[in-house]
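Single-letter residue listing:
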Amino acid sequence: MKKIAKSQLSKMLSMLSAEAKLYVPVASDGVVNFAPWQEDVEVDLTTINVFVPPKKFFFPQTEAVLRYDISDELEIEDFACKAGDKTILFGVRPCDVSSFAMMDKVYLGDPVDIAYRQRRENTTVIAMGCKSPDETCFCTSFDLEPGKAPGADVLATDTGEEIVLSAQTTKGEELLTQLNGLIQEATSGDENKVKDAQEQAKEGYTTSVNVQGVMEKLDGMFEDFYWDRLHKRCIACGTCTFVCPTCHCFDMQEYSTGSRGERIRCWDSCMYSDFTLMGHGHNPRPTQKERVRQRFMHKLNYFPHQHGDYACVGCGRCVRKCPVNLDILEVIQEIGGAAGGM
Amino acid sequence: MKECSEKMRKVASDALQKQEVTAVLGWRKKDFWWQSPVAFIESVDDVDQLVWDPFTVFNPVKYLLEDYDCHDKVGIFVKGCDSRGINRLIQDKRLDRDRVVVYGVPCEGKADADKIRASFASKKIKKVTIDGDSLIIDVDGKEERVAAEEYLLDKCLTCRYPNPVVSDKLIWEEVPVRKGVNEARFARIDNMEKKELEERFSYWSRQMDRCIRCFACRNTCPACNCRVCIFDQAEPRWLGKANDMGDTLNYHIIRAFHVAGRCFECGECERICPAGIPLQELNRKLIKDLDEFFGEYEAGLDPEDNPPLGTYRGEDPAGFDES
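Residues numbered from 1 in each chain as written. Chains lettered and ligands numbered in written order. Predicted model: local features only at pLDDT ≥ 70, side-chain atom pairs only at ≥ 80, totals over all residues.

### Digging into the domain arrangement of chain A
Residues and elements named next belong to chain A. Taken domain by domain, chain A comprises domain 1 (2-60 + 82-201) and domain 2 (214-248 + 271-337). Using only C-alpha atoms to locate each centre, domain 1 and domain 2 end up separated by 29 Å. A per-class count over the side of domain 1 that touches domain 2 returns 13 nonpolar, five polar and four charged. (Domains from an automatic or database assignment. Nonpolar A, V, L, I, M, F, W, Y, C, P; charged D, E, K, R; others polar.)

### Let's talk about the sheet that holds strand β4 (residues 100-104) of chain B
Residues and elements named next belong to chain B. Strands sit in the order β2-β1-β3-β4-β8 across an open sheet of five strands; the sheet is mixed. Across the chains shown, the open sheet's two edge strands, defined by having one partner strand only, are β2 (38-41) and β8 (169-170). With five bridges connecting them, strand β3 (residues 74-78) and β4 associate as parallel partners. Paired with isoleucine 76 across the two strands is valine 102, which belongs to β4. Against the sheet, helix α1 (residues 2-17) touches β1 (23-27), β2, β3, β4 and β8, its axis set at about 170° to β1. (Pairing = 2+ DSSP bridges. Helix = DSSP H or I, 4+ residues; strand = E, 2+ residues; numbered from the N terminus. Contact = placed C-beta atoms within 7 Å. Axes fitted to C-alpha atoms, helices over the stretch in contact; angles between N-to-C directions.)

### Structural notes on the interface of chain B and chain A
Counting residues at the interface gives 31 residues for chain B, matched by 30 residues for chain A. Counting residues per element, the ones that place at least two in the side of chain B that touches chain A are β2, α7 (197-209) and α8 (216-220) of chain B. For the side of chain B that touches chain A, the leading source of residues is α8(B), giving three residues.

### Observations regarding the environment of B:Glu193
Tracing the chain through its elements places B:Glu193 in helix α6 (residues 187-194). In sequence terms B:Glu193 and B:Ala39 are 154 residues apart; their C-alpha atoms lie 41 Å from each other.

### Points about the packing of α6(B) against helix α11 (residues 279-294) of chain B
Packed helices, taken two at a time, are described by the angle their axes make and the gap between the axes. Residues and elements named next belong to chain B. As a packed pair, α6 and α11 sit with axes 9 Å apart at the nearest point and diverge in direction by 85°. One element, α6, and the other, α11, form an angle in the roughly perpendicular class. Between α6 and α11, the residues in contact are Arg188, Ile189 and Met192 and Glu281, Arg284, Lys285 and Lys288, respectively. A class-by-class count of the residues in the contact of α6 with α11 yields two nonpolar, no polar and five charged. (Parallel < 35°, antiparallel > 145°, perpendicular 65-115°, else oblique.)

### A look at the packing of α7(B) against helix α9 (residues 245-258) of chain B
All names here are of chain B. One can describe the packing of α7 onto α9 by two numbers: an axis separation of 10 Å at closest approach and a directional angle of 95°. Between α7 and α9, the angle is such that the two are roughly perpendicular. Where α7 approaches α9, its residues Ser205, Met208 and Asp209 are matched on the opposing element by Met245, Thr248, Leu249 and His252. The class makeup of the residues in the contact of α7 with α9 is three nonpolar, three polar and one charged.

### Some points on the domain arrangement of chain B
Residue and element names in this part refer to chain B. We note that the domain assignment places domain 1 (2-109 + 158-170) and domain 2 (185-310) within chain B. One C-alpha centre belongs to domain 1, the other to domain 2; they are set 26 Å apart. Facing 18 residues of domain 1, the contacting portion of domain 2 comprises 14 residues. Across the side of domain 1 that touches domain 2, the residue classes tally to six nonpolar, five polar and seven charged.

Dropping the structure here:
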């Protein structure tokens, strides 16, 4: 276990940025997002939820997968093997770290998404343990510990004047070795401070939800009237899906200028009317009812059936951002509390 | 405030009981102190859900479009800003006036949860109520009384139509219009116009760079009421799905121009934008320009007239090119 004084943080980040592309949470115009680290940026160490979740580093909102040119001879440039410059993410919150494991189940499953894997392999994740949850945080409902981030390469814990760094993977150890000379050995006192911070982080949750049995209950609710009532409020924007750290649906788009073009993979949202719209014009999800149902069934039924976990980490972004206050917290509460159909 | 909620419940209950309407749109309370989503009341048993509180801000007018086609007659509570949306839909021939009963609820402004969070620990807030010029914030059982003015939404502080411009029944007395709102209307635009082109471009590039293309601005807007939006068309696809600056600007410029002369300044696009993009500046810039080119015009006041870009007059500055 190592540590660094907060006053030295900028030096540490400067060293890291020499080795890789380094991204940190930064506030700009009042909105916090991961942004490239620069000497003069102020790293935001307090905001819990950055606006766009860090899944974008492995699964970008927009990426060219191939480029072609047939003006002369057919030339195809395949981007899949080129993805992934060496990257370091600093300050990823534990809920978002655990979302990476969920994305892995999809993109590192069969078949493996090569570009995704390269980005994952080339990226070192430094998590920042949470100190105090927001009112909309409910990660503990999914058995996550806000002070711990088992999937991260390095766990950083804010202990007041200092940040304690503990490597959790070989990649993490290598990263800390690089910083030798700048970071110090942590003492047993520091270790205790970390433990205290982790314990303290578990307190102060004002929001929780019982997810027990929700998947099973949903098994029999595909045709339930519940969805008829629920979807009415939805205005079909894509906010919930794009701020969600576990939403992972994409669409393939062709950008062509005659002889040249690109094939682009981009985030798609099940809230949109052209989601699963087939080439011949049929859409198996013709109205917002089916789309809203899809979103919650995917997260709370299909995904756990297939992969064992609910596709939600309780970050609370959809709770905060949904313009009509229709969110997963409400659905879990209502499904969990509902005795069968409503 | 409590009396207001009571009055709304009474009105809704009477209307449903007498079968004047088969559904009522209003607002209700949800889990958090800052959540007052739209309520769809279809039964007298549910009217007690209706509330009037500092967060009943979401404009319910757009819900009159599709979902409620199954209802013969819908009652709807509208604030001043919302009410202009009713005229918007009628003028655009998207709403049959006879199908709605409009209950006007004059409004002194709604609270900005972010402003409250900046001063009080959100987790400890139990309830926020309004009492005249004061906001009463219940922080862990202790009541803090603060000046409402400091915590209202910016759009409410510059609201020129706090009283419904259309209603079948006014539920309580009209409220006075705030001082200085006419001067404040174009303040941000005047500032922006003074800036150099490069500065304006870098400002907008930075704002638009945050856009995630969720289309919340479009979807909440009563002026965006096309049956199929051009941006949703898959074949041909007018707007690329790739989130690049070209297409993002394409979207935002076309959206702003399509509502030009029809935007009635409810400000919901800007308020609900999850990325905090100041969309109202675009809308107001176009309103200001239209006023200069074609004479002053207020959208959403008269359902019978034609918006400036939906009509042609001989004296229009740009001639009518028939070539």
